[in-house]
Amino acid sequence: MSAVETPAVHLVLRSHPPAPARVGLVHKPLPMRLVKTALSLGFFWGIIPYVIWVPPHYPWPVLAFCTGLALAYRFLIGRYEVRWFAGLCPACGRHLHVAPGARIDLPHTLTCFGCHFEPVLEPYSLAEEEAIAADARGVRHVLAECAGTWREEWVWDQPYVACSRCDARHHATPAVLAAARAENDRGRLMDYLAEEGRFLT
Ligand SMILES: [Zn+2]
Ligand SMILES: [Zn+2]
């Protein structure tokens, strides 16, 4: 009944290339979340007038109030329940963790305990990635003058195009791949001409 979805996601952090991530999510529909939220509040707040008579009296109402609130919050916010997650930090490359059973929404901000940056787990579409990765001048490097060559790279079953010199890495959509190949060919031609030139002079 509760099917695990595996949306296309990646981890992003400003000024770093997108890092691969995989996640298994179970969608929790809103009506069910609202019912559970109401039940948590109704039950735990409802028992307050009764538990107040149990000695030593004062901790129980506070405990019931807070438990009800915490559960209600947990049920209300998370559109998805995480079944499994694997992801690498875009800044330092460490493995990031999300506990199975955690309720999250997308995009979801994580904290990397290696570098203390806060990468964001977000779904992506290939069309958008294509627009980000390439423009009229070709595939984007980190430095505009970078002379590195593009190579294909598979990370966890996701194809990427990565630069051999700078840190640039993009999702390998067909258009980006074609542009990268064209750029590599151009680069080889330039190298060839430079080599020829060296012999001629
Ligand atoms: Zn990190
Ligand atoms: Zn480069």
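Above this text sits the structure in question.
Quick look at the structure, then. Quick caveat, the model's predicted, so the values are computed rather than measured.

With respect to the nonpolar core
With 17 residues, the main nonpolar core has Leu-11, Phe-85 and Leu-121 as its most contacted residues. Taken together, the elements giving at least two residues each to this core come down to strand S2 (9-12), strand S3 (19-27) and strand S4 (80-88). Sorting elements by how many residues they give to this core places S3 first, with four residues. Look past the residues within four positions of Phe-85 in its chain and what remains in contact with it is Leu-11, Ala-21, Arg-22, Val-23, Leu-96, His-97, Val-98, Leu-110 and Leu-121. Counting twelve residues, the second largest nonpolar core, distinct from the first, contains Val-139, Cys-146, Ala-172 and Val-176.

Some thoughts on the coordination of the zinc ion (ligand 2)
Each protein donor to the zinc ion (ligand 2) is listed here as His-141 (ND1), Cys-146 (SG), Cys-163 (SG) and Cys-166 (SG); together their distances run 2.0 to 2.2 Å. Bound by four donor atoms, the zinc ion (ligand 2) shows angles of 103 to 117 degrees at the metal and therefore tetrahedral coordination geometry. In primary-sequence terms, the residues that donate to the zinc ion (ligand 2) follow H-x4-C-x16-C-x2-C. You can see His-141 sitting in the loop between strand S10 (138-139) and strand S11 (150-155) and its partner Cys-166 sitting in the loop between strand S12 (158-163) and strand S13 (169-171), a full 25 residues away along the chain. Here His-141 matches Cys-166 in class, with each residue buried.

A short note on helix H3 (residues 59-77)
An α-helical segment advances 3.6 residues per turn. Residues three or four places apart therefore align on the same side. Over its 19 residues, H3 extends 27 Å from the first C-alpha to the last, a length consistent with the 27 Å expected when each residue adds 1.5 Å. For H3, every residue scored as buried is listed here: Pro-61, Ala-64, Gly-68, Ala-72 and Phe-75. Within H3, the buried residues cover an arc of 80 degrees as seen down the axis, which keeps them to one side. Facing away from the buried surface of H3 by more than 90 degrees, the exposed residues are Val-62 and Tyr-73. Those residues of H3 hidden inside the fold are in contact with helix H1 (30-46), helix H2 (48-51) and strand S6 (103-104).

Definitions and cut-offs
- Residues numbered from 1 in each chain as written.
- Chains lettered and ligands numbered in written order.
- Predicted model: local features only at pLDDT ≥ 70, side-chain atom pairs only at ≥ 80, totals over all residues.
- Heavy atoms only, no water.
- Core = buried A, V, L, I, M, F, W, Y, C linked by side-chain atoms within 4.5 Å.
- Buried < 20%, exposed > 50% of the residue type's maximum accessible area, 1.4 Å probe, protein only.
- Helix = DSSP H or I, 4+ residues; strand = E, 2+ residues; numbered from the N terminus.
- Contact = heavy atoms within 4.5 Å.
- Donors = N, O, S within 2.8 Å, 3.2 Å for Na, K, Ca; no water.
- Tetrahedral: all angles 85-135°; square planar, octahedral: opposite > 155°, others 65-115°.
- Expected span 1.5 Å × (residues − 1).
- Arc of directions from axis to C-beta.

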